[in-house]
Amino acid sequence: MHRFDNPVDEQNREIIIDLVSKKFDLDKKSLDRFKGILYYPDIDSAYSPLLENDLRARFRMNRSLEEKLDLGWEKFQIFSSFIKDFNITYGNFKANKLQEGKSVRRIFKFIYDYYLSSHKGLSALKTDIKPTVSEYYIEDFDEPESRAFLSKTLQEIAGLKLPNIDDMQIVLSMNFADWFMSATKETWNSCFNFESSWDGIAWAQIPGFAIDKNRAFLYITNGHRKQYLNIDVQRFVYRTFLMLDDSDNINALRWYPTDLFNGDYKGFPIKLKNIDYNYKPKYNIDYLTFKNGYSCYAYQDHTKFDLDNTSSLIYHQKGGHFGLNSKNEIVQGSHFMFVGTLYDLNNSSKTLMDVTYKKCFNCGEQIEHFDLCYDVNGNPICEDCRENEYIICYDCGALVKFEEAVENSFGLFKCRSCHDYNTRQQI
Ligand SMILES: [Zn+2]
Ligand SMILES: [Zn+2]
């Protein structure tokens, strides 16, 4: 069994196994496989030689990469006249220093003098910000407005600016706690966020990634940490999943929150390429399954199940949510519906299936969410019952049990309340 040196990693693993065991409704065999892979990681040699004991490989950030990643610097480009007139480099910006002859100026202070001290400066500011603000806004843009604008924008930039280069790291991770927390407690959102408001709860299927031997996780961190349900990992300023192909290339999928590289990984410490339509996975996937026979494999960015060989993935331009039902047919879309968070689920006595599957009020059969319909009283009714025992009210469109519907003299069926209402109107 793999032993982590760090108690946090040991604890993360125990919490995740406990959560998945109690809440995620994997069938017994799948749950055993899931635990097995977390206790005895089986990692391809494209990744394994790089990893430390915590199943992560760490790389320092270099300057050119940092410049590319610094959203503060990106936003600072708005001040194009200033940058041009003084040849401001990323180094200047980063250090907040500009050498002028013998004197050193602070950029974040000097920029006020530049734009506010003369008429020329003010009109330069108007020209600079024109592409980013409305014309109406610029119309009566005078000294006080300009000062307020500069102060607000520079504050935003200071907030976006990357911390010191020494604190930034690129991390390749096979540590499942990182995968599990891939989008939770970040400043940006994705459907893998355990607190995402999307009721299709894509996060329910994250455990299924554990058995995919093609897969790795890559993130850029500022070293800050985040916690959710006592799982404790680093913050991901940027992250993507990686997929190994049959020529041992490491393919990057979609970056969150934005794509920084556009496929250009020059200067990147690991050899990467963006996934493309030639993608053929190195390994087939023997999916984990839920108790209802559905596959457990989460929403995919840029891959999908291969129709000809469902245990394999192929390239997909957009990606999406694909699953296999108990008959091994590909189904699209999430097969869980739940308006709530993993935290809510953990605080309740219920499991995923309890909250996402409903029983038919009429016959007691389990109904999957995409077949879910409610009768006139708000009770869930299955498709079979709907077709054989129910009818739609001619007036209001509500689903009514056939024997409770009222037929009028024109042969139209109505629910009791529409019928009563119409009768009253006629009196
Ligand atoms: Zn039914
Ligand atoms: Zn009605």
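A. Summary view of the sheet that holds strand β5 (residues 215–221). Read across the open sheet, the six strands follow the order β1-β4-β5-β8-β9-β10; overall the sheet is mixed. Looking at the sheet topology across the chains shown, the edges are occupied by β1 (56–60) and β10 (273–274). Taken together, the six bridges between β5 and strand β8 (residues 238–244) define a ladder with antiparallel strand orientation. Bridge pairing links L218 to T240 in β8.

B. Examining the domain arrangement of the protein chain more closely. Domain boundaries assigned for the protein chain yield domain 1 (7–63 + 167–332), domain 2 (71–160) and domain 3 (357–426). For domain 2 versus domain 3, the separation of C-alpha centres amounts to 65 Å.

C. The arrangement of the environment of A398 in detail. Relative to the elements of secondary structure, A398 occurs in the loop between β21 (390–392) and β22 (399–401). With 270 residues separating them along the chain, A398 and D128 place their C-alpha atoms 58 Å apart. Apart from the residues lying within four places of it in its own chain, the contact partners of A398 are V376, C393 and C415.

D. Broad picture of the packing of helix α7 (residues 107–116) against helix α8 (residues 119–129). At a minimum axis separation of 5 Å, α7 and α8 run at an interaxial angle of 105°. With respect to each other, α7 and α8 are oriented roughly perpendicular. Here α7 contributes Y114, Y115 and L116 to the contact with α8, which in turn contributes G121, L122, A124 and L125. Counted by class, the contact of α7 with α8 contains six nonpolar, one polar and no charged residues.

E. Helix α1 (residues 7–23), seen in detail. For α1, spanning 17 residues, the distance from its first C-alpha to its last is 24 Å, which sits close to the expected 24 Å at 1.5 Å a residue. Looking only at α1, the buried set comprises D9, N12, R13, I16 and V20. Angular distribution of buried residues about the axis of α1 spans 95°; they occupy a single face of the element. The exposed set on the far side of α1, more than 90 degrees from its buried face, consists of P7, D18 and K22.

F. Spotlight on the packing of α1 against helix α2 (residues 28–39). Between α1 and α2, the shortest axis-to-axis distance is 11 Å and the interhelical angle comes to 175°. One finds that α1 runs roughly antiparallel with respect to α2. Side by side, α1 and α2 meet where R13, I17, V20 and S21 of the first sit next to L31, F34, K35 and L38 of the second. Looking at side-chain class alone, the contact of α1 with α2 contains five nonpolar, one polar and two charged residues.

G. The arrangement of the pairing of strand β6 (residues 225–228) in detail. One ladder, built from four bridges, connects β6 with strand β7 (residues 231–234); its direction is antiparallel. Paired with Q227 across the bridge in β7 is D232. Turn length for the β6-β7 hairpin, with the two strands adjacent in sequence and antiparallel, is two residues, and the turn residue L229 shows positive phi of about 50°.

H. Spatial organisation of the nonpolar core. Among the nonpolar cores identified, the biggest contains 64 residues, and F180 and L242 are the most heavily contacted of them. The residues contacting F180, other than those within four sequence positions of it, are I16, I206 and I231. Counting 13 residues, the second-largest nonpolar core is a separate cluster that includes I367, C393, A405 and C418.

I. The pairing of β5, seen in detail. Across the seven residues of β5, seven count as buried, placing the element largely inside the fold. On β5, burial covers both faces: R215, F217, Y219 and T221 on one face and A216, L218 and I220 on the other are all buried. Relative to β5, strand β4 (residues 169–173) runs antiparallel, the two being bridged by five bridges. Counted as the bridge partner of L172 is L218 from β5.

J. A look at the environment of I275. Its location among the elements puts I275 in the loop between β10 and β11 (288–289). Along the backbone, I275 and A252 are 23 residues apart, and their C-alpha atoms lie at a distance of 5.7 Å. Setting aside chain neighbours within four positions, we find I275 in contact with M243, N251, A252, L253, H302 and Y315.

How each quantity is defined
- Residues numbered from 1 in each chain as written.
- Chains lettered and ligands numbered in written order.
- Predicted model: local features only at pLDDT ≥ 70, side-chain atom pairs only at ≥ 80, totals over all residues.
- Pairing = 2+ DSSP bridges.
- Helix = DSSP H or I, 4+ residues; strand = E, 2+ residues; numbered from the N terminus.
- Domains from an automatic or database assignment.
- Contact = placed C-beta atoms within 7 Å.
- Axes fitted to C-alpha atoms, helices over the stretch in contact; angles between N-to-C directions.
- Parallel < 35°, antiparallel > 145°, perpendicular 65-115°, else oblique.
- Nonpolar A, V, L, I, M, F, W, Y, C, P; charged D, E, K, R; others polar.
- Expected span 1.5 Å × (residues − 1).
- Buried ≥ 20, exposed ≤ 12 C-beta atoms within 10 Å, placed from the backbone.
- Arc of directions from axis to C-beta.
- Core = buried A, V, L, I, M, F, W, Y, C linked by C-beta atoms within 7 Å.

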